[in-house]
Amino acid sequence: MAVFVNGVIFDGIDTSAQDCWKLEAYVARGGYQALRRIIESKMAQEDVIAEVKNSGLRGRGGAGFPTGLKWSFMPRSFPGDKYVVCNTDEGEPGTFKDRDILRFNPHALIEGMIIAGYAMGTKAGYNYIHGEIFEEYELFEAALDEARQAGFLGNNILGSDFSFDLFAHHGYGAYICGEETALLESLEGKKGQPRFKPPFPASFGLYGKPTTINNTESFASVPFIIRDGAAKFLEAGKPNNGGTKLFSVSGHVNRPGNYEIPLGTPFSVLLEMAGGMRDGKKLKAVIPGGSSAPILPGDVMMQCTMDYDSIAKAGSMLGSGAVIVMNEDVCMVKALERLAYFYHEESCGQCTPCREGTGWLYKVIHRIAQGEGRPGDLELLDSVGNNMAGRTICALADAAVFPVRSFTKHFRNEFEYLIEHKKPLVDHKWC
Amino acid sequence: MLSAQSLAAIDREVAKYPADQKRSAVMGALRIALVERREAGKTPEERCLNTEVIEFVANYLQIPPVAAYEVATFYNMYDMKPVGQYKITVCTNLPCALSGGVNAAEYISKKLGIAIGETSADGKYTLLEGECMGACGDAPVLLVNNHKMCSFMTPEAIDKKLAELN
Ligand SMILES: Cc1cc2nc3c(=O)[nH]c(=O)nc-3n(C[C@H](O)[C@H](O)[C@H](O)COP(=O)(O)O)c2cc1C
Ligand code: SF4
Ligand code: FES
């Protein structure tokens, strides 16, 4: 089920219509007007970038880095090859927004990437698509064909001297490839192992060339910004948090799905949109930004608004906008055990603290969950975590530690009870 | 070793990348090879990738065989072990678990009489547990043979799907 409210990306889309993804339908919704205007008015590259900067758009892939600023880092006049790359390797548990962009509005992404290519002086782009969504990959290829036939991609776009082509690359099952430098390695046909940074992709990216990587939703927001103006986008959200954002709501709600709402909307309103708590159960906890974001108790969440600043103030992160809602029947030790397993499975293994540390975290949490926890296990989790966070090549290690720290902080009594009494405080039910 | 159709599909992958970067096509090429083996294979052993086909793909792309082998073993959707005619991968990660993902895996396991990670004796089904597929809003979700995603897999929907595969 997909529900969109007041969207920028999903404005005017009837997602139940079979053909809503097609070029014709996109054009009827005002699509490709932004690109046309840029090309016909010969808009200067720096003006396109300034517009994106002024919109307050922050990267939708997790880190929230200002998109316009990132674009300005690209050496635009570098004479050799340069690339724009889209990250549709959506695999952060709880996140399912980019799949809906590919399914229902792929041309918004294509147009956004062409505009990015224009602004940064690149001739080629790639969209890296998560392995598990093969049907969306095929549909995206079909959308690319449409765009090529209509003259939006290829040589001399719309009769100008700007040429740009775009290709889809299909992943095959590795969460780590969502990390941007692992993604580049994978795009080069290698194991998806993150690179040391610096150098950053803007100077040494795909095939060693300057490269800009953005999330699907970031690129797909760009046509609106150019067409309707930075101010309008900014106004749709709140200061420093421009625009609307897609929130993927999962877990114990009546209507899981994607909700595109202004940044700054109260969490309570979003929860209501998602149909409220399933079976009228009590809200216990929420992970507000994908599995890597610290968990927050339900009552804290009810005081938050859905934007980068409010969620950060409450001690978590907006991340990818994946809102995982849990009711009172969930044993927090069981929930954390499942996440710890995931990070252990998905560590690429090149840094010892991550490879060994994620294994230890899972092992200790698993034994606590089994009623075999030992006194001192919570301190052990702490010290393993301290030896991982900030000591590795990429942020997966931190992503594995954040949930452990926050679960054991906010729900410490459940962990202590299980260690002491060998049985859970909460009679656990997944659903 | 691969059909003309598969080779043409690999050529289309190669064309996406700069002429001196054929290696980029290895992921697509291995996927195409796997699909052909799955469709043509009569036994679980014949349906997965093996060293011969990986080497063939490497030679076709003019890259060292070890480079292709590394890729085939790093990404977990490439079947490197014998696999049933229908590989069913159920997402049991936390968001899905909260909407029936674990129950779905258990239900299928009971129904097929195989544990997670096993292949049925007749070589028809393999049941696996998977990580987030980026479709948590449709939970429970499962993948059939890597490429077909099935959403909202309640016990009734699972019954229907299995009957269809049968
Ligand atoms: C372990 C890990 C997984 C990530 N997964 C994703 C992902 O699935 N999608 C994504 O867009 N960004 C992901 N990121 C963030 C990317 O590295 C990168 O910051 C992002 O794609 C930049 O785009 P943005 O500025 O538009 O957000 C991940 C980062 C890490 C460390
Ligand atoms: S932190 Fe973990 S996932 Fe990231 S590069 Fe190191 S081992 Fe790989
Ligand atoms: S957790 Fe199952 S698809 Fe995301």
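Reading the values: rules and limits
- Residues numbered from 1 in each chain as written.
- Chains lettered and ligands numbered in written order.
- Predicted model: local features only at pLDDT ≥ 70, side-chain atom pairs only at ≥ 80, totals over all residues.
- Heavy atoms only, no water.
- Helix = DSSP H or I, 4+ residues; strand = E, 2+ residues; numbered from the N terminus.
- Buried < 20%, exposed > 50% of the residue type's maximum accessible area, 1.4 Å probe, protein only.
- Areas by Shrake-Rupley, 256 points an atom, 1.4 Å probe, with all protein chains shown as cover.
- Domains from an automatic or database assignment.
- Contact = heavy atoms within 4.5 Å.
- Buried area = accessible area lost by both parts, 1.4 Å probe.
- Polar contact = N/O pair within 3.5 Å; in protein donor to acceptor, adjacent residues only side chain to side chain.
- Nonpolar A, V, L, I, M, F, W, Y, C, P; charged D, E, K, R; others polar.
- Near = heavy atom within 4 Å.
- 1 Å grid on protein atoms, 1.4 Å probe; cavity = no way out; pocket = protein on both sides within 12 Å on 5 of 7 lines; lining within 4 Å.
- Sits in = over half its atoms within 2 Å of the grid points.
- Patch = residues over 30% accessible without salt bridge, like charges linked within 9 Å, V, L, I, M, F, W, Y side chains within 5 Å.
- Salt bridge = Lys/Arg side-chain N within 4 Å of Asp/Glu carboxyl O.
- Pairing = 2+ DSSP bridges.
- Points joined across faces, edges and corners; volume = space filled by probe spheres on them.
- Arc of directions from axis to C-beta.
- Phe/Tyr/Trp six-rings, centres within 6.5 Å; stacked < 30°, edge-to-face > 60°.

### Concerning the overall build of chain B
- When helices and strands are tallied, chain B shows seven helices and four strands.
- Taken over the C-alpha atoms alone, chain B extends approximately 50 × 35 × 25 Å along its principal axes.
- Sorting the 166 residues of chain B into buried and exposed places 59% on the buried side.
- For chain B, the computed accessible surface area is about 7,000 Å², with 53% contributed by carbon and sulfur atoms.

### Side note on the domain arrangement of chain B
Residues and elements named next belong to chain B.
- Each assigned domain of chain B is listed here: domain 1 (4–74) and domain 2 (86–165).
- Each of domain 1 and domain 2 has a C-alpha centre, and the two are 27 Å apart.
- Across the boundary between the two partners, domain 1 contributes six residues, which contact five residues of domain 2.
- Taken together, the two surfaces of domain 1 and domain 2 that pack against each other cover about 390 Å², and 53% of this comes from carbon and sulfur.
- The tally of links from domain 1 across to domain 2 stands at one residue pair in polar contact (both at pLDDT 80 or more).
- Class assignment for the residues of the side of domain 1 that touches domain 2 results in three nonpolar, no polar and three charged.

### Concerning the site of ligand 2
Residues and elements named next belong to chain A.
- With respect to spatial proximity, 13 residues lie near ligand 2, and among them Cys348, Gln350, Cys351, Cys354 and Cys394 are the closest.
- Spatially, ligand 2 is embedded in the second largest cavity.
- Here the residues of the shell around ligand 2 sort into nine nonpolar, four polar and no charged.

### A closer look at a nonpolar patch on the surface
- Residues Phe65(A), Leu69(A) and Phe73(A) make up a contiguous nonpolar surface patch of roughly 270 Å² in combined accessible area.
- In this fold, Phe73(A) is placed in the loop between α4 (67–72) and β1 (83–88).

### As for the site of ligand 1
Residues and elements named next belong to chain A.
- Taken together, 18 residues are adjacent to ligand 1, and Gly61, Lys70, Asn214, Asn215 and Ser218 come closest.
- Taking Asp89, its main chain carries an N or O atom lying 3.0 Å from an oxygen atom of ligand 1.
- A distance of 2.7 Å is found between an oxygen atom of ligand 1 and a side-chain nitrogen or oxygen belonging to Asn215.
- Here ligand 1 loses 88% of its free accessible area of 610 Å² to cover by the protein chains.
- One can see that ligand 1 is located within the largest pocket.
- Counting residues per element, the shell around ligand 1 draws most heavily on strand β4 (residues 211–215), at three residues.

### Overview of the pairing of strand β2 (residues 124–129) of chain A
All names here are of chain A.
- Within β2, six of the six residues are buried, which leaves the element mostly enclosed by the surrounding structure.
- Residues Ala124, Tyr126 and Tyr128 point to one face of β2 and Gly125, Asn127 and Ile129 to the other, with burial holding for every one of them.
- By the bridge criterion, six bridges tie β1 to β2 in an arrangement that is parallel. The partner of Val85 across the bridge, within β2, is Tyr126.
- Examined bridge by bridge, β2 and strand β3 (residues 165–170) share six bridges and lie parallel to one another. Its bridge partner lying in β3, Asn127 is registered against Ala168.

### Focus: empty space enclosed by the protein
All names here are of chain A.
- Enumeration over the complete set of coordinates arrives at five cavities of 30 Å³ or more.
- Put simply, the largest cavity is a space of about 190 Å³.
- For the largest cavity, the lining is made up of 17 residues, of which Val8, Ile9, Tyr26, Arg29 and Arg227 are closest to its centre.
- The set of elements that each furnish at least two residues to the lining of the largest cavity consists of α2 (33–40), α6 (106–120) and α9 (216–228).
- Here the lining of the largest cavity gets four residues from one element, more than from any other, and that element is α9.
- Classifying every residue of the lining of the largest cavity by side-chain character gives nine nonpolar, four polar and four charged.
- When its volume is computed, the second largest cavity comes out at roughly 70 Å³.
- Looking at the second largest cavity, it is lined by 13 residues, and the ones nearest its centre are Cys348, Cys351, Cys354, Cys394 and Leu396.
- Partitioning the lining of the second largest cavity into residue classes produces nine nonpolar, four polar and no charged.

### Some thoughts on the layout of surface pockets
- Considering only enclosed or pocket space, the largest pocket measures out at about 1,400 Å³ in volume.
- Among the elements that take part in the lining of the largest pocket, β4(A) stands out by supplying five residues, more than any other.
- Across the lining of the largest pocket, the residue classes break down as 20 nonpolar, 17 polar and 12 charged.
- By volume, the second largest pocket is sized at about 1,100 Å³.
- If you go around the second largest pocket, you meet 41 residues; those closest to its centre are Glu345(A), Asn76(B), Met77(B), Leu128(B) and Glu129(B).
- When contributions to the lining of the second largest pocket are tallied by element, the ones reaching two or more residues are α14 (332–346) of chain A together with α4 (65–74), β1 (86–91) and β2 (125–130) of chain B.
- With five residues, the top contributor of residues to the lining of the second largest pocket is α14(A).
- For the lining of the second largest pocket, the residue count by class is 19 nonpolar, 13 polar and nine charged.

### Regarding helix α3 (residues 45–54) of chain A
All names here are of chain A.
- Of all the residues in α3, the buried ones are Val48, Ile49 and Val52. Buried positions in α3, seen along its axis, are confined to an arc of 95° and lie on one side of it.
- As for α3, its buried residues are in contact with α2, α4, α6 and α9.
- Of the residues one or two after α3, Gly56 is the one with positive phi, at around 75°.

### What to know about the packing of aromatic side chains
All names here are of chain A.
- Overall, the coordinates contain 21 aromatic pairs over all chains when judged by the stated rule.
- Between Phe162 and Phe164 the ring centres are 6.2 Å apart and the planes differ by 25°, which places this aromatic pair in the stacked class. The two residues Phe162 and Phe164 agree in class, both being buried.
- Taken together, a centroid distance of 5.4 Å and an interplanar angle of 65° make the contact between Tyr341 and Tyr362 edge-to-face.

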